[in-house]
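Residues per chain, in single letters:
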Amino acid sequence: MSKLDNIKVALQTLQPEYLQVIDESHMHSRGQETHYKAVIVSEAFAGLNAVKRHQKAYGAMGELMQQVHALALHTYTPAEWAEQGSAPASPVCAGGHK
């Protein structure tokens, strides 16, 4: 199973209504399977601030976090997602060397 698939499986523990995980490694100079973006819509985030939401996602990832250089998290409750409808685009990486 790929690292991308492993991330998706790990984040399923948050019982998301919507989950999108994207390998954005091609936008960075560190090579493949290092940079990811996750959009997670879950009731598990209700009443939590951004830090607590990210901590929940990191907890779901567990040991897998040690294999990831960067994970951009976009966390929403279903109501927030219904209002917003999309996550922001990721910025182009401006640093690092190949």
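For the structure itself, consult the block above.
Residues numbered from 1 in each chain as written. Predicted model: local features only at pLDDT ≥ 70, side-chain atom pairs only at ≥ 80, totals over all residues. Heavy atoms only, no water.

Colleague: I'd like a rundown of the side chain of Thr77, residues and numbers included.
Modeller: Positionally, Thr77 belongs in the loop between β3 (70-76) and α3 (78-84). Classification of Thr77 by relative accessible area gives buried; the value is 10%. Those residues in contact with Thr77, other than ones at most four positions away along the chain, are Val41, Ser42, Phe45, Ala46 and Arg53. (Helix = DSSP H or I, 4+ residues; strand = E, 2+ residues; numbered from the N terminus. Buried < 20%, exposed > 50% of the residue type's maximum accessible area, 1.4 Å probe, protein only. Contact = heavy atoms within 4.5 Å.)

Colleague: Residue-level account of the pairing of strand β2 (residues 35-41), with values.
Modeller: Among the 7 residues in β2, 7 count as buried, and that is most of the element. In terms of strand pairing, β2 meets β3 through 7 bridges, oriented parallel. Following the sheet pairing, His35 is matched in β3 by Ala70. With helix α2 (residues 50-61) bridging β2 and the parallel β3, this β-α-β connection has right-handed handedness. (Pairing = 2+ DSSP bridges. Right-handed = clockwise from strand over helix to strand, strands pointing away.)

Colleague: Explain the side chain of Thr75 residue by residue, including any values.
Modeller: Tracing the sequence through the fold places Thr75 in strand β3. The contact partners of Thr75, leaving out residues within four places of it in the chain, are Ile40, Phe45, Arg53, His54 and Glu80.

Colleague: I'd love a proper account of the packing of helix α1 (residues 3-11) against α2, names of residues and values included.
Modeller: When two helices pack together, their arrangement is captured by the angle between the axes and the distance separating the axes. Where α1 contacts α2, the two axes come as close as 8 Å, and the packing angle between them is 120°. Classified by chirality, the crossing of α2 by α1 is right-handed. Contact residues: Ile7, Ala10 and Leu11 in α1; Ala57, Ala60 and Met61 in α2. Tallied by class, the residues present in the contact of α1 with α2 amount to 6 nonpolar, no polar and no charged. (Axes fitted to C-alpha atoms, helices over the stretch in contact; angles between N-to-C directions. Left-handed = near helix turned anticlockwise from the far one by under 90°. Nonpolar A, V, L, I, M, F, W, Y, C, P; charged D, E, K, R; others polar.)

Colleague: With reference to specific residues and values, describe the sheet that holds β2.
Modeller: Sheets are built from strands paired through backbone hydrogen bonds, the pairs being either parallel or antiparallel. Strands sit in the order β1-β2-β3 across an open sheet of 3 strands; the sheet is mixed. With one partner strand each, in any of the chains shown, β1 (18-23) and β3 form the two edges of the open sheet. On average, each strand axis in the sheet is inclined to that of its neighbour by 10°, with strand direction left out of account. In the packing of α1 onto the sheet, the strands contacted are β1 and β2, and the crossing angle to β1 comes to about 155°. Most of the contacts of α2 go to β3, to which it runs at about 125°, and overall it touches β2 and β3.

Colleague: Explain the environment of Glu33 to me, using residue names and the numbers behind them.
Modeller: Checked against the element boundaries, Glu33 lands in the loop between β1 and β2. For Glu33, a relative accessible area of 32% gives the class partly exposed. As a C-alpha pair, Glu33 and Val68 span 35 residues in sequence and 7.5 Å in three-dimensional space. Residues contacting Glu33, with those up to four places away along its chain left out, are Ser2, Lys3, Leu4, Asp23, Ser25 and Gln67.

Colleague: Give me the lowdown on the environment of Lys56, citing residues and values where you can.
Modeller: Tracing the sequence through the fold places Lys56 in helix α2. Sequence separation between Lys56 and Leu11 is 45 residues; the distance between their C-alpha atoms is 9.5 Å. When residues no more than four places from it in sequence are discounted, the contact partners of Lys56 are Leu14, Ala44, Phe45 and Leu48.

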